[in-house]
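Okay, here's what each chain looks like letter by letter:
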Amino acid sequence: MVQITPVSVTDEQTTDVPYEDRDEDYSDVTDSESEYSDVEDDDNDIANETFADRIVALKDIIAPQYRPVFSGAYGKAHGVLEWSLKAAWIATTSVMFLAAPFALIANSNMESSAAQMGMRQMQEANEIIAPGAN
């Protein structure tokens, strides 16, 4: 999160002298590692960050005035998805309960007709081999 701190303007900073002509002392600026130690701490924080922490941090991407809009859209989409999943479950189970017995009946009818056809073929084969032997 960004923290805003107030900065007071002094008379020294408000001069209209160009940058190269200012007579400022830059002795306090150093290139030591102590200035960059907080960067290493940030890297460790990222390594220890969980997936849930990252998801929660995504809310900062959306401006506060637009969050209710996105929340409402998400709620509606979630409701539609939930309803469609329930409807798909009801349709699937209904088809299984109603269509499975019909499929079994149709399969048994096909088996019995195939068995009758096989019996006829055997009778015809017997009549060809021995006509009138019955």
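Asker: Got a sec to walk through the overall build of the chain? Specific residues and values, please.
Answerer: The secondary structure content of the chain amounts to 3 helices and 0 strands. Listing every helix and strand of the chain by position from the N terminus yields α-α-α. Expressed as a percentage of its 134 residues, the buried residues of the chain come to 0%. As displayed, the chain has an accessible area near 12,900 Å², and 62% of this comes from carbon and sulfur atoms.

Asker: Report on helix α3 (residues 67–129), specifying residues and quantitative values.
Answerer: If you check α3, its first and last C-alpha atoms are 89 Å apart, about what 63 residues at 1.5 Å a residue would give, namely 93 Å. At A99, α3 shows its largest kink, close to 30°, and the proline P101 lies no more than four residues downstream.

Asker: A description of the pattern of salt bridges should follow, citing residues and the corresponding values.
Answerer: Overall, the coordinates contain 3 salt bridges when judged by the stated rule. One salt bridge connects E82 with K86, and the closest N-O pair in it is separated by 3.6 Å. One end of the pair is E82 and the other is K86, both in helix α3 and 4 residues apart, which spans about a single turn. Look at E82 and you get partly exposed, because its relative accessible area is 37%.

Asker: Go over a nonpolar patch on the surface, please, and point to the residues and values.
Answerer: Together, F51, I55, L58 and I61 line one region of the surface with nonpolar side chains, adding up to about 460 Å² of accessible area. With respect to the helices and strands, the residue I61 is situated in the loop between α2 (51–57) and α3. Here I61 falls in the exposed class, since its relative accessible area comes to 65%.

Asker: Give a detailed account of the confidence of the model for the chain, specifying residues and quantitative values.
Answerer: Summing up the model confidence of the chain, the mean pLDDT is 79 and the portion of residues at 70 or higher is 71%. Mean pLDDT across the elements of the chain ranges from a minimum in helix α1 (residues 37–48), with 63, to a maximum in α3, with 91.

Cut-off values and rules
The numbering scheme is per chain: residues are counted from 1 as the chain's sequence reads. Only residues with pLDDT of 70 or above have their local features reported here, since the model is predicted, and side-chain atom pairs are shown and tallied only from 80 upward, although totals for entire chains, interfaces and linings are computed over all residues. To obtain the side-chain values, all non-hydrogen atoms of the structure were used and water was disregarded. For helices the rule is a DSSP run of H or I covering at least 4 residues; for strands it is a run of E covering at least 2, with both sets numbered from the N terminus onward. Buried, partly exposed and exposed residues are distinguished by accessible area as a fraction of the type maximum, computed with a 1.4 Å probe on protein chains only: under 20%, between the cut-offs, and over 50%, respectively. Here the accessible surface of atoms and residues is derived via Shrake-Rupley with a 1.4 Å probe, and residues count as covered only by protein chains that are part of the display. Multiplying 1.5 Å by the residue count of a helix minus one yields the expected span of that helix. The angle separating two fitted axes, one through the seven residues that finish at a residue and one through the seven that start at it, defines the bend at that residue. Salt bridges are counted wherever a side-chain nitrogen of Lys or Arg sits within 4 Å of a carboxyl oxygen of Asp or Glu. Surface patches are defined over residues having more than 30% relative accessible area and no salt bridge, joining like charges when they lie within 9 Å and nonpolar side chains (Val, Leu, Ile, Met, Phe, Trp, Tyr) when within 5 Å. Summary of the metric used: pLDDT quantifies the predictor's per-residue confidence within the range 0 to 100.

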